[in-house]
Amino acid sequence: VEKEEMNAKANFEMLAQKLTDNIKEDKKRVADKTATKAQRMDDAATAKGDLATTEATKAEDEKKLEDTLTSCHSRSVEFEQNQVVRSEEVKAIEKASEILR
């Protein structure tokens, strides 16, 4: 009977130690996962801030591009009109030059 009690006590102590070790390991896992979650939340907040800044910059750049393209188109049209005027002026000068000869 004493041997059975000793075996039962030893089994109980081994089980208690195993459960204690499991509890410690689980607490460590919880702490690690909590830290990882906090880091990911921080990273997500930073990424959202970066996204907002990037979107604002992109909108400004697109507006600037649109303004530049509009300006270039206007100058191109103006240049073409000036070319027509210059061509007419050259013809008028040539005609005046022929008349003066």
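Here the structure is shown first, and the text comes after it.
All residue numbers refer to position in the chain's written sequence, counted from 1. Since the coordinates come from a predicted model, pLDDT governs what is reported: local features require at least 70, and pairs of side-chain atoms require 80 or more to be given and counted, while whole-chain, interface and lining totals use all residues. Derived side-chain values reflect all non-hydrogen atoms in the structure, with water molecules and hydrogen atoms excluded from consideration.

A. Structural detail: the overall build of the chain. Looking only at helices and strands, one finds one helix and zero strands in the chain. Each radius of gyration reported is based on C-alpha atoms, and the globular scaling rule is 2.2 Å times the count of residues to the power 0.38. Whereas a compact globule of 101 residues would reach a radius of gyration of roughly 13 Å, the chain reaches 43 Å, over 25% beyond that. Based on the C-alpha atoms only, the size of the chain along its principal axes is roughly 145 × 20 × 10 Å. Each residue gets one of three labels from its accessible area relative to the maximum for its type: buried under 20%, exposed over 50%, partly exposed in between, using a 1.4 Å probe on protein chains only. By residue count, 0% of the 101 residues in the chain fall in the buried class. Per-residue and other accessible areas follow the Shrake-Rupley method at a 1.4 Å probe size, with only the shown protein chains counted as cover for residues. Summed over all atoms, the accessible surface of the chain reaches about 9,700 Å², with 58% contributed by carbon and sulfur. In summary, the charge assignment counts Lys and Arg as positive and Asp and Glu as negative, without counting His or the chain termini. Here the site of a charge means atom NZ of a Lys, CZ of an Arg, CG of an Asp or CD of a Glu. Where the 19 positive side-chain charges of the chain centre and where its 23 negative ones centre are 3 Å apart. In this description a helix means any DSSP run of H or I spanning at least four residues, a strand means any run of E spanning at least two, and both kinds are numbered starting from the N terminus.

B. Examining the pattern of salt bridges more closely. Take a side-chain nitrogen of Lys or Arg and a carboxyl oxygen of Asp or Glu: if they are within 4 Å of each other, that pair is a salt bridge. The tally for this structure, following the rule as stated, stands at six salt bridges. A salt bridge links E25 to R29, with the shortest nitrogen-to-oxygen separation between them at 2.4 Å. Of the two residues, E25 and R29 are both situated in helix α1 (residues 2-100); the distance of four residues between them amounts to about one turn of the helix. Notably, a salt bridge pairs K58 with E62, separated by 3.4 Å at the nearest N-O pair. One end of the pair is K58 and the other is E62, both in helix α1 and four residues apart, which spans about a single turn. Judged by relative accessible area, E62 falls into the partly exposed class, the value being 44%. Each of E25, D26 and R29 takes part in a single network of salt bridges with overlapping partners.

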